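What follows is the residue order along each chain.
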Amino acid sequence: MAVTGSLQVKNGYYYVVLNLYDENGKRRPKWTNTWLPEKTGNKRKAETLLREQLAEWNERNVPYCKLTFADYLKKWLTGMEGKVKRTTYRSYCGNMENHIIPYFRQTGVLLQELKPYHLEEYYESKRKAGSKLRSEEALSPLTIKHHHQNISKALADAVRKGLITVNPAAAAKTPRAEKFHGSFLNTKELEEMLSLFSGSVVEVPVTLCAVYGFRRSEVLGLKWKHIDFKMKTISVCETLQQDVGGNYTDTPKTESSNRTLPMTDSIYALLKDHKRKQDQRKKVMGAYYARSDYVCTWNDGTVITPNYLTRTFHSVISKSNLPNIRLHDLRHSAASNLLNMGFSVVQVADWLGHESASTTLRFYAHSDASGKKSIAKKLEQTMKVG
């Protein structure tokens with residue numbers, strides 16, 4: 001049904017009044033002040049505004065409703081549970097419930113009234129001190145971009161459902177984020193780092209992260225059925241995630257994260273010895289051993305949790321003379337060192353399980369001082385200047 005409307009005069013100004021109806025068929029007139037005083041010459045201008053608004057609403061061809069953007073996000077969030085990975089859903093909940101929904105509930109802006117500038121005002125508000133939940137700091141531009149991605153996803157679904165015709169987030173500008181520069185250890189530092197964990201319960205996962213650039217969830221999700229000693233390969237097929245309810249297994253982050261990698265001789269020896277010790281403990285402890293197929297376990301067979309691995313790694317590194325890197329920075333280290341060794345971006349992307357080589361370039365393409373010196377030396381040999 002086409003939207004109709006008329007001009008009305010109120011308090012000495014022309015108003016555009018649209019005859020809108022909600023999803024139940026109840027008339028919900030929408031009044032918009034043209035800010036044109038009722039005087040000669042302004043009526044024609046007001047009629048032009050009326051025609052423009054009628055054209056806009058008829059082009060939308062969507063029922064008018066008073067659903068606020070905050071209420072829509074709440075419904076959208078509820079509907080996303082079970083449709084995405086649990087880690088992704090937790091991220092949505094954290095951003096939406098702690099930041100986005102409370103802000104837009106205060107503004108009261110309707111879903112159908114949402115404009116790009118509303119979103120830009122939100123992003124700007126999060127750049128102010130005190131935006132973090134338990135800190136006086138502002139949110140980083142990168143975090144705000146993540147909020148923008150969540151909002152854009154929710155609005156794209158609103159377009160698909162016919163609630164709105166365009167996605168306001170597509171035109172909204174986000175704060176400029178600084179280029180990511182992850183910390184990393186060179187090959188010599190990695191050797192020193194690995195010696196710190198020798199004999200530790202986390203020696204195996206830390207070593208595998210250093211060599212293969214595994215994500216925390218990938219290395220802890222490894223099972224012996226994924227280790228082929230005959231072919232000397234390691235396959236990433238499952239991940240171990242940690243939630244408030246405990247650990248659970250999931251599929252890898254992306255399709256390309258499913259990958260099979262060859263073992264180095266040292267990794268082969270490490271895993272062989274680790275398997276032998278696990279089998280011995282199973283025999284000695286009997287029923288007291290927590291039987292599972294996981295590679296990275298405590299001495300009693302209990303699976304090492306993701307948070308414990310992170311805390312232990314930080315505790316050891318922070319007491320050393322090495323750069324105070326995070327566990328995930330071992331992934332940066334693996335990528336950077338492979339690139340410095342001369343392997344192509346495509347090869348490194350395949351090794352890390354990235355969806356595309358552009359991801360590798362964007363996040364992990366670091367060059368250390370020795371790599372730059374090698375380039376300078378090569379240039380000196382091939383280009384004589386002066």
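Here's what I pulled together on the structure shown here. What you are looking at is a predicted structure, and each value in this text was computed from that prediction instead of being measured.

## Re the pattern of salt bridges
Two side chains that carry opposite charge are able to pair once their charged atoms sit near each other.
Okay, step 1: Counting across every chain of the model gives 17 salt bridges.
Okay, step 2: A salt bridge links K275 to D279, with the nearest nitrogen and oxygen atoms 3.2 Å apart. You can see K275 and its partner D279 sitting in helix α9 (residues 265–285), 4 residues apart, about one turn around the helix.
Okay, step 3: Classification of K275 by relative accessible area gives partly exposed; the value is 22%.
Okay, step 4: When salt bridges with common partners are traced through the structure, they connect K153, D157 and R160 into a single cluster.

## A word on the packing of aromatic side chains
Okay, step 1: Overall, the coordinates contain 14 aromatic pairs when judged by the stated rule.
Okay, step 2: Taking the centre distance of 5.5 Å and the plane angle of 40° together, the rings of F104 and Y122 count as tilted. Of this pair, F104 sits in helix α3 (residues 86–107) while Y122 sits in helix α4 (residues 116–125), placing them 18 residues apart in sequence. Each of the two residues, F104 as well as Y122, counts as buried.
Okay, step 3: Here the aromatic residues F69, Y103, F104, Y122 and Y123 are joined through ring pairs into a cluster of three or more.

## Some words on the sheet that holds strand β4 (residues 227–228)
Adjacent strands of a sheet form backbone hydrogen bonds with each other and so pair up, either parallel or antiparallel.
Okay, step 1: Taken in spatial order, the 3 strands of this open sheet run β4-β5-β8, and their pairing is antiparallel. Only two strands of the sheet have a single neighbouring strand rather than two, namely β4 and β8 (259–262).
Okay, step 2: Pairing between β4 and strand β5 (residues 233–236): 2 bridges, direction antiparallel. Counterpart to I227 in the pairing with β5 is I234.

## As for the nonpolar core
Okay, step 1: Core analysis: the largest hydrophobic core is formed by 38 residues, its most contacted members being M193, L208, F214, I234 and L271.
Okay, step 2: Counting residues per element, this core draws most heavily on helix α7 (residues 203–212), which supplies 6 residues.
Okay, step 3: When sequence neighbours within four positions are dropped, the list of residues in contact with F214 reads L208, C209, V219, L222, I234, V236, R259, L261 and R331.
Okay, step 4: Counting residues in hydrophobic clusters, the runner-up holds 32 residues, among them C65, L73, Y89 and Y103.

## Here we look at the environment of V303
Okay, step 1: As for its position among the elements, V303 is in the loop between α9 and α10 (306–318).
Okay, step 2: The exposure class of V303 is buried, given its relative accessible area of 17%.
Okay, step 3: In this view, V303 contacts L240, S292, Y294, C296, T297 and W298; residues no more than four positions away in its chain are not counted.

## Thoughts on the sheet that holds strand β3 (residues 30–37)
Okay, step 1: With antiparallel pairing, 3 strands are arranged side by side in an open sheet as β1-β2-β3. Because the sheet does not close on itself, it has two edges, and the strands there are β1 (4–10) and β3. Here the strands of the sheet are splayed against their neighbours by 25° on average, with no regard to which way each runs.
Okay, step 2: Relative to strand β2 (residues 13–19), β1 is paired through 7 bridges, and the arrangement is antiparallel. Bridge pairing in β2 links V9 to Y14.

## Regarding the packing of α3 against α4
Two packed helices can be described by the angle between their axes and the distance between those axes.
Okay, step 1: Closest axis-to-axis distance for the α3/α4 pair is 11 Å, and the angle between their directions is 125°. Between α3 and α4, the interaxial angle falls into the category oblique. Once α3 is placed against α4, the crossing between them reads as right-handed. For the pair formed by α3 and α4, the contact residues are H99, I100, Y103 and F104 on the first element and H118, L119, E121, Y122 and S125 on the second.

## What to know about the side chain of S235
Okay, step 1: With respect to the helices and strands, S235 occurs in strand β5.
Okay, step 2: Discounting chain neighbours no more than four positions away, the residues touching S235 are L222, H226, R259 and T260.

## Regarding the packing of helix α2 (residues 69–80) against helix α5 (residues 141–160)
Okay, step 1: Direction vectors running N to C along α2 and α5 enclose 90°, while the axes themselves pass 10 Å from each other. As summarised for this structure, α2 and α5 are arranged roughly perpendicular, according to the angle between their axes. Across the interface between the two elements, F69, Y72, L73, W76 and M80 from α2 touch N150, I151, K153, A154, L155, D157 and A158 from α5.
Okay, step 2: Of the residues contributing to the contact of α2 with α5, the split by class is 9 nonpolar, 1 polar and 2 charged.

## Considerations on α2
Okay, step 1: Relative to the 16 Å expected for 12 residues at 1.5 Å per residue, α2 spans 16 Å between its end C-alpha atoms, a close match to the ideal helical length.
Okay, step 2: Of the positions making up α2, those classed as buried are F69, A70, Y72, L73, W76, L77 and M80. On an axial view of α2, the arc spanned by its buried residues comes to 155°, and they lie on one face. Exposed residues pointing more than 90 degrees away from the buried face of α2 are listed as K75 and T78.
Okay, step 3: Phi turns positive, to about 90°, at G82, one or two residues after α2.

So, how was this worked out
- Residues numbered from 1 in each chain as written.
- Predicted model: local features only at pLDDT ≥ 70, side-chain atom pairs only at ≥ 80, totals over all residues.
- Heavy atoms only, no water.
- Salt bridge = Lys/Arg side-chain N within 4 Å of Asp/Glu carboxyl O.
- Helix = DSSP H or I, 4+ residues; strand = E, 2+ residues; numbered from the N terminus.
- Buried < 20%, exposed > 50% of the residue type's maximum accessible area, 1.4 Å probe, protein only.
- Phe/Tyr/Trp six-rings, centres within 6.5 Å; stacked < 30°, edge-to-face > 60°.
- Pairing = 2+ DSSP bridges.
- Core = buried A, V, L, I, M, F, W, Y, C linked by side-chain atoms within 4.5 Å.
- Contact = heavy atoms within 4.5 Å.
- Axes fitted to C-alpha atoms, helices over the stretch in contact; angles between N-to-C directions.
- Parallel < 35°, antiparallel > 145°, perpendicular 65-115°, else oblique.
- Left-handed = near helix turned anticlockwise from the far one by under 90°.
- Nonpolar A, V, L, I, M, F, W, Y, C, P; charged D, E, K, R; others polar.
- Expected span 1.5 Å × (residues − 1).
- Arc of directions from axis to C-beta.

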